[in-house]
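Residue strings, one per chain:
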Amino acid sequence: MKKLAIGNYAVARGAYEAGVTVSSAYPGTPSTEITEFIAKYKEVNAEWSPNEKVALEVGIGASVAGARAIVAMKHVGLNVAADPLFTVSYTGVNGGLVIAVADDPGVHSSQNEQDSRYYAMSAKVPMLEPSDSQEAKDFTALAFELSEKYDTPIFIRMTTRVAHSQSYITECERKEVPVKPYVKDAGKYVMMPGNAKKRRFNVEDRMNAFGRAANTMAINFAEYNDREVGVVCSGGVYQYVKEALPDYSVYKVGTVFPLPIDAIKEFAKNVKRLLVIEELDGFIEKQLKVEGIKVDGKNVIPNIDELSVSKIRKAVLGEDIPVPVQTVVRPPVLCPGCPHRSVFSVISKLKLNVMGDIGCYTLGALAPLNAVDTVVCMGASIGMAIGAEKAQGREFAKKTLAVIGDSTFVHSGITGMIDAVYNNLNTKILIVDNSTTGMTGHQPHPGTGRTIYDEPTYKLDYEVLAKACGVKNVVTVGTMDLNAVERVIKEQMAKDGVSLIIAKEPCALINKTKKPNYSINEKCKNCKACVKLGCPAIVNKKDGPFIDSALCVGCGVCVQVCKFGAICPEKEN
Amino acid sequence: MNILIAGVGGQGTLLASRVLGNYAGLMGYDCKLSEVHGMAQRGGSVITYVKFGEKIHSPVIADGDSDVLLAFEELEALRWSHNVKKGGKLLMNTQKIMPLPVIIGASEYPENIIDTLKKGQFDFYGIDALGIAKACGNEKALNTVMIGYFAKVVGIDRDILKKALEMSVPAKFAEVNIKAFEAGYNA
Ligand SMILES: Cc1ncc(C[n+]2csc(CCOP(=O)(O)OP(=O)(O)O)c2C)c(N)n1
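In this text, all values refer to a predicted model and were calculated from it rather than measured experimentally.

Caption draft 1: Structural detail: the interface of chain A and chain B. In this assembly, 50 residues from chain A lie in contact with 50 residues from chain B. Taken together, the two surfaces of chain A and chain B that pack against each other cover about 4100 Å², and 59% of this comes from carbon and sulfur. Among the residues chain A hides against chain B, the three largest losses belong to Gln166, Val328 and Arg330 of chain A. Together they make up 19% of the total. Along the contact surface separating chain A from chain B lie three salt bridges.

Written out as structure tokens, the structure is:
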């Protein structure tokens, strides 16, 4: 059946059709939907793992135990999973093991623009890159075959546009692939120096064999047209090239690592000039240059930001791009009723230093709250608070708060907390516990007591956990009570030793109990205290703020900051 | 045909693009859609690209290559207006949603957007889609009002588009959506 589908659905479908039985992931835009879709197939045992390292280890274990497994993550997730990655490259697989990694050129929803193709090269793991949904499905299914044939984990590299664009796919039946027997094989799976040294040769042989075979794989092909310029490209960029430069000859690379070098050399011979058009770094270009192929690339094509048809036309043909209208920006905002807003309004008032972290609560860094000083990577808030205390002294810790989301705390905050206790620090940690992974679209995690299938499970108890780790001061407070939040933060900041504050209130988008709206009455002195909350429902008008009843969810935070009692339930006003 | 749909996170632009995608399927066209997920959905500026025709390569519309801009909000109409082809069409829901810099008083919401857009090199069409959706009984159906209006202004086969709409919404919302579609068409 032909249907429109996003690339991420197609990856899930391709894995399903290839007989996958295990799927693990930690969410991350633009990779999340792969696992959400896979979890809908009853033949697959899927999980949200606490982080990408665990997810990959689950995938490796499943593979060693004979199953076909897929692990999905965003580009920065691969940094977290890099440790097992570099060694599973040595062990190879039993059941096919596919790692779907989604890059985010243009930084639509990430903290950086890293190019994951380098991981394929440095870990010596093959990487396929599809250009649309049909290829995403086909390449994923093919990846399982190649993984088993070459005894290697293998990457499917997605980018935001391929992951989140819809195009037609034709679905096929699932091929049942029996789980292979578990076989003990220390030489292959116990990577201590003696064995690893030997396996290193297997890796080299396999990559050479794969590279030779790449030259004749159907997913690498030339399309001859005008022979003045031959373009080498891969992934979503191929589609841009076909639209921007329809008359050019094209070599489409499906295996971005290892490259089909001989086939590209052949292509180069048949065109006058060779140009690599690739998004982000000159990854293909540099490899061709090492092979002595004369090629243009990043001297013509930008290495920053997403490419597009227009940018390619501009770079290659010198065509102008229409200039956008300069007008007011519309940045993302904390939703009306978001519990993070109340925490940040208190922090803002107390003028604390805040080591921030990644999630919806990162938006606390924006005006008017301006409450977050740093954001680096998931879990960094706690480690950085420790480092800042070491740099500035113990008293500094009493003015500094590590603010971290619940999903992020489970992902990689716990080890930081242990570090703080172990090294006798004063670190102050605040978990903004909205009982979900908000940023990526509300996935459950170990702190929610629900699995990917929405089945009940043990709910991680942060208080018990912290106490077991030796945290001296542990306290939970309801997020929406501003006075209580302020009192608790002040108390904890004054204390010696590590403190953990858990500020609890479910995300406003999952908390469906609609409360009565508020409105502003004539007692308003136009002091703008409510406006400073940065709530999308409170609009600053010259003659005084006004609450948009279509947006207000009745969270009551503005009521608490109004000194004049001017904000009341709509009915009473 | 290249259709750029612009709006604010939460306005239901994704549904509009899916309806157009299903329409393309019914017509037997090749079709690609490009969506933005993640950070941009938190009340930020959101755009979706819809392209259909004989053969579609890039899922993203080249700058300045949109036949139609379907704008769900005035400021977003202005922001993306440079993307409309000369002689193209800009359809706008006349609704203002204040962005954060305006809400907190750091910036002003641009004035006279309609006048500015009327001077553009494209045909401008304004509609109070939110008001019409409310009158139909569900303000969320603003996206289907826009789709109905689109069908009329662009001259798309009404019945086929209506069928595409039915394919795109859950059965229990079909009735209000069809009503909204008709209201948009007849606006
Ligand atoms: C290593 C890594 N994995 C995944 C992501 C994507 N991501 C960003 S924030 C986040 C989790 C946010 O959840 P939480 O900490 O509960 O905060 P919330 O968004 O709910 O406020 C995820 C999965 C990332 N940035 N880095």
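From this point, the discussion proceeds with the structure in view.
Caption draft 2: Summary view of the pattern of salt bridges. Residue and element names in this part refer to chain A. Tallying each qualifying case throughout the model produces 44 salt bridges over all chains. A salt bridge links arginine 68 to glutamate 148; its shortest N-O distance comes to 2.8 Å. Note that arginine 68 is positioned in the loop between helix H3 (52-64) and strand E4 (69-74) and glutamate 148 in helix H7 (residues 133-149), a separation of 80 residues in sequence. Using a relative accessible area of 4% as the deciding quantity, one classes arginine 68 as buried. Residue arginine 199 pairs with aspartate 151 through a salt bridge whose shortest N-O separation is 3.5 Å. Of this pair, arginine 199 sits in helix H10 (residues 193-214) while aspartate 151 sits in the loop between H7 and strand E7 (154-159), and the two are 48 residues apart along the sequence. For arginine 199, a relative accessible area of 9% gives the class buried. A residue is classified by how much of its surface remains accessible, and aspartate 151, at 22% relative accessible area, is partly exposed. One connected set of salt bridges, linked through shared partners, spans Asp103, Asp115, Arg117, Glu129, Arg157 and Glu278.

Caption draft 3: Quick peek at the site of the ligand. Residue and element names in this part refer to chain A. With respect to spatial proximity, 26 residues lie near the ligand, and among them Glu52, His340, Asp406, Thr408 and Gly438 are the closest. In the model, an oxygen atom of the ligand is placed 3.0 Å from a nitrogen or oxygen of the serine 407 main chain. In the model, an oxygen atom of the ligand is placed 2.9 Å from a nitrogen or oxygen of the methionine 439 main chain. Protein chains shield 98% of the accessible area of the ligand, which is 590 Å² for the free molecule. Residue composition of the shell around the ligand, by class: nine nonpolar, 14 polar and three charged. The two domains that each donate at least three residues to the shell around the ligand are domain 1 (2-213) and domain 3 (339-504).

Caption draft 4: Region of the structure containing the packing of aromatic side chains. All names here are of chain A. Overall, the coordinates contain twelve aromatic pairs over all chains when judged by the stated rule. For the ring pair tyrosine 16 and tyrosine 41, a centre distance of 3.9 Å and an interplane angle of 15 degrees mean the geometry is stacked. Separated by 25 residues along the polypeptide, tyrosine 16 in helix H1 (residues 7-17) and tyrosine 41 in the loop between helix H2 (32-38) and strand E3 (45-48) bring together distant segments of the chain. With relative accessibility at 11%, the residue tyrosine 16 sits in the buried group. Sitting over the ring of tyrosine 224, arginine 227 keeps its end group 4.2 Å from the ring centre. Here lysine 541 stacks its cationic end above the ring of phenylalanine 546, 4.5 Å away from the centre of that ring.

Analysis parameters
Residues numbered from 1 in each chain as written. Chains lettered and ligands numbered in written order. Predicted model: local features only at pLDDT ≥ 70, side-chain atom pairs only at ≥ 80, totals over all residues. Heavy atoms only, no water. Contact = heavy atoms within 4.5 Å. Buried area = accessible area lost by both parts, 1.4 Å probe. Salt bridge = Lys/Arg side-chain N within 4 Å of Asp/Glu carboxyl O. Helix = DSSP H or I, 4+ residues; strand = E, 2+ residues; numbered from the N terminus. Buried < 20%, exposed > 50% of the residue type's maximum accessible area, 1.4 Å probe, protein only. Near = heavy atom within 4 Å. Polar contact = N/O pair within 3.5 Å; in protein donor to acceptor, adjacent residues only side chain to side chain. Areas by Shrake-Rupley, 256 points an atom, 1.4 Å probe, with all protein chains shown as cover. Nonpolar A, V, L, I, M, F, W, Y, C, P; charged D, E, K, R; others polar. Domains from an automatic or database assignment. Phe/Tyr/Trp six-rings, centres within 6.5 Å; stacked < 30°, edge-to-face > 60°. Lys NZ or Arg CZ within 6 Å of the ring centre and 35° of its normal.

Fair warning: the whole summary comes from geometry, so function is off the table for now.
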